[in-house]
Each structure stands twice: as structure tokens, then as C-alpha cells.
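Listed below, chain by chain, are the residues.
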Amino acid sequence: MTIEKAMKILKTVDGIECRFPGYTTALGIAVQALEKQVPKKMHLGTAWGVCPTCDRIVETIQFFKPSYCPHCGQAVIWEE
Ligand SMILES: [Zn+2]
């Protein structure tokens, strides 16, 4: 199952009433965590990028470009 499919199912379940305390909140947190696993394109600068989720600057170190934003954990792609 893909992350996108899992998110679609979990978002559908989110609308269903559940009697377990905190279930809806926990489900929302789980969906947010899954969403960060789907890579998004960085907004590119010369030696840095801006995270598309938290809008914070992520610097590159020489040729190393991190796969995840160190600030919020968003999976990122360094392509134009
Ligand atoms: Zn971020």
C-alpha cells in the first residue's frame, strides 16, 4: 500500500465517530506524519532551499542536500 492510499483511507476514517478518547487527535497526528513522508520540491536558492512545508531555510553543505527538512521532517526533492 502506498503512503497516498493509506492517507486517503485514514482521512476517510477521520470523519467517523469513535468512542475511544483521543482517537481523532491521534489519527490527525498520524496523517500529518504520513504527509511529511511524501517528498515535496524545495524552493531553490543558490546554496540553500526553502522548505515547502515550514518555509524555513535549509542550507546545503558542499554537495550534500538533505532528503528531509531538519526543521520539520518534511521529505524534500532538490530539483527545479
Ligand atoms: Zn520544513
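Residues numbered from 1 in each chain as written. Predicted model: local features only at pLDDT ≥ 70, side-chain atom pairs only at ≥ 80, totals over all residues.

Some points on the domain arrangement of the chain
Note on interface size: it is often stated as the accessible area lost on association of the parts.
Phase 1: Taken domain by domain, the chain comprises domain 1 (3–35) and domain 2 (39–80).
Phase 2: The C-alpha centroid of domain 2 is placed 27 Å from the C-alpha centroid of domain 1. (Domains from an automatic or database assignment.)

Description of the environment of Ile3
Phase 1: Looking at where Ile3 falls in the secondary structure, it is placed in helix 1 (residues 3–14).
Phase 2: Judged by local crowding, Ile3 falls into the partly exposed class, with 13 C-beta atoms found within 10 Å.
Phase 3: Placed 32 residues apart in sequence, Ile3 and Glu35 show a C-alpha to C-alpha distance of 7.9 Å. (Helix = DSSP H or I, 4+ residues; strand = E, 2+ residues; numbered from the N terminus. Buried ≥ 20, exposed ≤ 12 C-beta atoms within 10 Å, placed from the backbone.)

Observations regarding the sheet that holds strand 3 (residues 48–50)
Phase 1: Taken together, the three strands give an open sheet; going across it, the order is 2-3-4, and neighbouring strands pair in antiparallel fashion. For this open sheet the edge positions go to strand 2 (43–44) and strand 4 (57–59), each flanked by a neighbour on one side alone.
Phase 2: Direction of pairing for strand 3 relative to strand 4: antiparallel, over a ladder of three bridges. Counterpart to Val50 in the pairing with strand 4 is Ile57. (Pairing = 2+ DSSP bridges.)

A look at the nonpolar core
Phase 1: Met42, Cys51, Val58, Cys69 and Val76 together form the largest nonpolar core, which totals five residues.
Phase 2: Filtering out sequence-adjacent residues up to four positions away, Val76 remains in contact with Pro39, Lys40, Met42, Cys51, Ser67, Tyr68 and Cys69. (Core = buried A, V, L, I, M, F, W, Y, C linked by C-beta atoms within 7 Å. Contact = placed C-beta atoms within 7 Å.)

Some remarks on the environment of Thr25
Phase 1: Positionally, Thr25 belongs in helix 2 (residues 23–35).
Phase 2: Sequence separation of Thr25 and Pro70 is 45 residues, and the distance between their C-alpha atoms is 24 Å.

Considering the confidence of the model for the chain
Any region with low pLDDT has predicted coordinates that should not be read closely.
Phase 1: Mean pLDDT over the chain: 87, with 95% of residues reaching 70 or higher.
Phase 2: Put simply, helix 1 is where the chain has its lowest mean pLDDT, 79, and strand 5 (residues 76–77) is where it has its highest, 96. (pLDDT = per-residue confidence, 0-100.)

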